Amino acid sequence: PVAPACVHERAQSCECMAASGSGSDVCRDALLVGSLFGTYSVVACVQGSSLERLCTKQYFGRHCPRLNAWIFSLEETLFLTAEHHVLAGARQAEAPRGGSSFSEVSGEVMHAEGLFTSCCQRISDFPQRYAAYRHFRRVGWVVRPDAFIFGADFLLYDGAPGEVHAQYAAVVAADPRLPCGELVAATRLAATVAKELLLVLFLGGPEGEEGPVASGGLSDSLPGAPSLGSFLASPASHVTEVVSRRWQPHLG
C-alpha cells in the first residue's frame, strides 16, 4: 500500500491530467479519488485505469454514461480503498448542477480510516454492513448492493450478474433478535423471487465472549470510536451465516 501522503499526491495528479484530457499511462495507473454524495460515491471514469479494469472484471459499482463516472455504494467505496487499493479514498462533494457532466469539489481526501468514520456517521449499522460485504467478497461472491426491491441488503451472485441470477438475498441483522414476523415475511419475499434468504448475524460479544451484539455493534464491543482496523480485528465483526427457508412438510 502507498503511504497516505503519496496517495494524495498521485490522486491529485491524476485528477488534473484527467481534467485536461491528457490521458496517459501515468494517469491510468494513479489512484483515483471518489466524491461522496449521501450514501454513494462517484468516481470520474479514466479509461484503462486499474479501477475500470477491476470494476469490469469483478463487477463493482455501475457505470453512468450521463456523468461519465462510476457510482459505488459506501461499502464498495471502502472495500476498493482499503482492500484493493485502487481508490485513494473519497472527499465530500456536491451534486452537479445544471448539466450532465461530473466534477469534484475541493476538500480533504479521506483515506480508509477517515472514510470508515464518515460512513459510520452516514449509516448507523455501517460497521456490520461493511463486515458482511467484505466477508462475502473475500470468499468469492459477487456482491451487489442494489437489493432493496428484494427486501435485502445485498444480492450474492456466483458469476456475472448479467448471466446468472442471484442465489441469495442477504439481510444484515445488526441485532440478531429478529421478530418472528419479519423473518417469515423476508423468507417468503425471497422465495417469490427465486432466491434464498441469507441472514448475516453478529454474535461475537466483548473480549471474545459469545452473545448478541447491540444494534450499531460498536459501543458494547469497542470503547470509544474504533478504527477500521480495530473493528475488523474484534469479535464484533465476525460473521455468522444462517439460511432461512420455508418448511414444506410434503418434502419431508
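Here, every reference points to the structure presented above.
Position numbers for residues start from 1 in each chain and track the written sequence from start to end. It should be noted that, the model being predicted, local features are given only for residues of pLDDT at least 70 and side-chain atom pairs only at 80 or more, the latter also being counted only at that level, while totals for whole chains, interfaces and linings use all residues. Excluding hydrogens and water, the side-chain values take into account all heavy atoms of the structure.

### Remarks on the packing of helix H4 (residues 74–82) against helix H6 (residues 126–138)
For helices, the fitted line uses only the C-alpha atoms of the stretch in contact; every axis is such a line through C-alpha atoms, and the angle between N-to-C directions lies from 0 to 180 degrees. In this description a helix means any DSSP run of H or I spanning at least four residues, a strand means any run of E spanning at least two, and both kinds are numbered starting from the N terminus. One way to put it is that H4 packs onto H6 with a least axis distance of 10 Å and a crossing angle of 60 degrees. One element, H4, and the other, H6, form an angle in the oblique class. Both H4 and H6 take part in a crossing whose hand is right-handed. Between H4 and H6, the residues in contact are Leu74, Glu75, Glu76, Leu78, Phe79 and Ala82 and Phe126, Arg129, Tyr130, Tyr133, Arg134, Arg137 and Arg138, respectively. Three classes are used, and their members are as follows: Ala, Val, Leu, Ile, Met, Phe, Trp, Tyr, Cys and Pro are nonpolar, Asp, Glu, Lys and Arg are charged, and the others, Gly among them, are polar. Its residues placed into classes, the contact of H4 with H6 shows 7 nonpolar, no polar and 6 charged. Working rule for angles: under 35 degrees goes down as roughly parallel, over 145 as roughly antiparallel, 65 to 115 as roughly perpendicular, anything else as oblique. For any helix crossing, the convention is left-handed if the near helix is rotated counterclockwise from the far helix by under a right angle, and right-handed if that rotation is clockwise. We call two residues contacting when some pair of their heavy atoms lies within 4.5 Å.

### Let's talk about the environment of Phe154
If you trace the backbone, Phe154 turns up in strand E7 (residues 154–157). The spacing of Phe154 and Tyr168 is 14 residues in sequence and 8.3 Å in space, taken between C-alpha atoms. Those residues in contact with Phe154 that lie beyond four places of it in its chain are Glu75, Arg129, Ala132, Tyr133, Val143, Arg144, Pro145, Ala147, Tyr168, Ala169, Ala170 and Val172.

### Thoughts on the side chain of Thr77
Within the secondary structure, Thr77 sits in helix H4. We call a residue buried when its accessible area falls under 20% of the maximum for its residue type, exposed when it is over 50%, and partly exposed in between, using a 1.4 Å probe and counting protein chains only. Owing to a relative accessible area of 0%, Thr77 belongs among the buried residues under this scheme. Contacts described as polar in this section are N or O atom pairs within 3.5 Å, which, within protein, must combine one atom able to donate a hydrogen with one able to accept it, while residues neighboring in sequence count only if both atoms come from side chains. A polar contact is formed between the side chain of Thr77 and the backbone oxygen of Ser73, at a distance of 2.8 Å. For Thr77, the contacting residues outside a window of four places in its chain are Ser41, Phe72, Leu87, Ala90 and Leu115.

### Observations concerning the pairing of strand E2 (residues 40–44)
One ladder, built from 3 bridges, connects strand E1 (residues 32–37) with E2; its direction is antiparallel. In the sheet register, Ser35 faces E2, and the bridge partner there is Val42. As consecutive antiparallel partners, E1 and E2 are separated by 2 residues, and within that stretch Gly38 has a phi angle of approximately 65 degrees, a positive value. As judged from the 5 bridges shared by E2 and strand E4 (residues 69–73), these two strands associate in the antiparallel manner. The residue of E4 that forms the bridge with Ala44 is Ala69. Pairing between two strands is assigned when DSSP locates at least 2 bridges connecting them.

### Considering unusual backbone geometry
Peptide bonds are trans in most cases, and residues, glycine excluded, mostly fall at negative phi. Backbone geometry at Tyr59 places phi at a positive 65 degrees, although glycine is not the residue there. The residue Tyr59 is located in the loop between helix H3 (50–58) and strand E3 (62–64) in this model. Exposure remark for Tyr59: the relative accessible area of 31% places this residue in the partly exposed category. Of note, Asn68 is a non-glycine position whose phi angle comes to about 50 degrees, a positive value. Within the element layout of this structure, Asn68 appears in the loop between E3 and E4. Overall, the relative accessible area of 45% leaves Asn68 in the partly exposed class.

### Some remarks on H3
Count 3.6 residues to each turn of an α-helix, and residues three or four apart come out pointing the same way. What H3 keeps buried is the set Leu51, Leu54 and Cys55. Down the axis, H3 shows its buried residues gathered within 100 degrees of arc, on one side only. Exposed and oriented more than 90 degrees from the buried face of H3 are Thr56 and Lys57. Buried residues along H3 sit against E1, E2, E4, H4 and strand E5 (87–92). Where H3 terminates, the next one or two residues include Tyr59, which has phi positive at roughly 65 degrees. Comment: arc refers to directions from the helix axis out to C-beta atoms.

### Brief notes about the sheet that holds E4
Pairing is mixed across the open sheet formed by 5 strands, whose spatial order is E3-E4-E2-E1-E5. The open sheet has two free edges, formed respectively by E3 and E5, since each of these has just one partner strand. Across this sheet, the average inter-strand angle for adjacent strands is 35 degrees, counted without regard to direction. Taken strand by strand, H4 contacts E1, E2, E4 and E5, and its axis lies near 105 degrees from that of E4.

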